[in-house]
Amino acid sequence: MSELKFSEDHEWILIDGDVGTVGITEFAQEQLGDVVFVEVPDEGKDLEKGDEAAVVESVKAASEVYAICDGEVIAGNEALADEPSLVNSDPMGEGWFYKAKITDASQLEELMDEAGYKTFIEGQG
């Protein structure tokens, strides 16, 4: 069974066993505007929670995506190199950034569930 969690940095992680798929939320995508470039991490890269994992550039700003937990990258979303607009059209699906083998699952306990995240972004407005 997979579980969806959110960070205060507006990232999401879909946890399926010991693999997490990471991307940015619709809220983050709306703040950025039209995404024109995405740099995803290379397969095999070791990430520690808080490390810069990916870069997103939009017509408004450039922003870093930070590792949501410790893990080893097992796939970067290569489709984003050719079609960064996937982040705009489907940030919670086809616009994912990377998949990682989670090495410290205890870090996921600090994250919010969907209801908690909705409450969090309502406080951002």
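Here's what I pulled together on the structure shown here. Note that the structure is a prediction, hence the values are computed from the model and not measured.

We now examine the overall build of the protein chain. Within the protein chain one finds four helices and nine strands. Secondary structure elements of the protein chain occur, N-terminal to C-terminal, as β-β-β-α-β-β-β-β-β-α-α-β-α. Compactness check: the protein chain gives a C-alpha radius of gyration of 13 Å against a globular reference of 14 Å for 125 residues, within 12% of the reference. Dimensions of the protein chain, computed from C-alpha atoms along their principal axes, come out at roughly 35 × 35 × 25 Å. Of all 125 residues assigned to the protein chain, the portion counted as buried reaches 44%. Restricting to contacts in the protein chain with at least 6 residues of sequence separation, those with at least 24 account for 59%. Of the accessible surface of the protein chain, which amounts to about 6700 Å², a share of 44% is contributed by carbon and sulfur atoms. Of the charged side chains in the protein chain, 7 are positive and 31 negative, and the gap between their average positions amounts to 4 Å.

This part takes up the sheet that holds strand E7 (residues 62-66). Pairing within the open sheet is antiparallel, and its three strands lie in the order E4-E6-E7. Two strands close off the open sheet at either side, each with one partner strand: strand E4 (35-39) and E7. Adjacent strand axes in the sheet meet at a mean angle of 20°, parallel and antiparallel pairs treated alike. Two elements, E4 and strand E6 (residues 52-58), share four bridges in a ladder whose sense is antiparallel. Looking at the pairing, Glu 39 lines up with Val 55 of E6.

As a further point, take the pairing of strand E2 (residues 11-16). Sheet topology places strand E1 (residues 2-6) next to E2; five bridges connect them, and they run antiparallel. Looking at E2, one finds that Glu 3 is bridged to Ile 15. Connecting E1 to the antiparallel partner E2 that follows it, the hairpin turn spans four residues, and His 10 within it adopts a positive phi of roughly 65°. Across six bridges, E2 lies against strand E3 (residues 19-24) in antiparallel orientation. Looking at the pairing, Asp 16 lines up with Val 19 of E3.

Conventions adopted
- Residues numbered from 1 in each chain as written.
- Predicted model: local features only at pLDDT ≥ 70, side-chain atom pairs only at ≥ 80, totals over all residues.
- Heavy atoms only, no water.
- Helix = DSSP H or I, 4+ residues; strand = E, 2+ residues; numbered from the N terminus.
- Rg over C-alpha atoms; globule rule 2.2 N^0.38 Å.
- Buried < 20%, exposed > 50% of the residue type's maximum accessible area, 1.4 Å probe, protein only.
- Contact = heavy atoms within 4.5 Å.
- Areas by Shrake-Rupley, 256 points an atom, 1.4 Å probe, with all protein chains shown as cover.
- Lys, Arg positive; Asp, Glu negative; His and termini not counted.
- Charge placed at Lys NZ, Arg CZ, Asp CG, Glu CD.
- Pairing = 2+ DSSP bridges.
- Axes fitted to C-alpha atoms, helices over the stretch in contact; angles between N-to-C directions.

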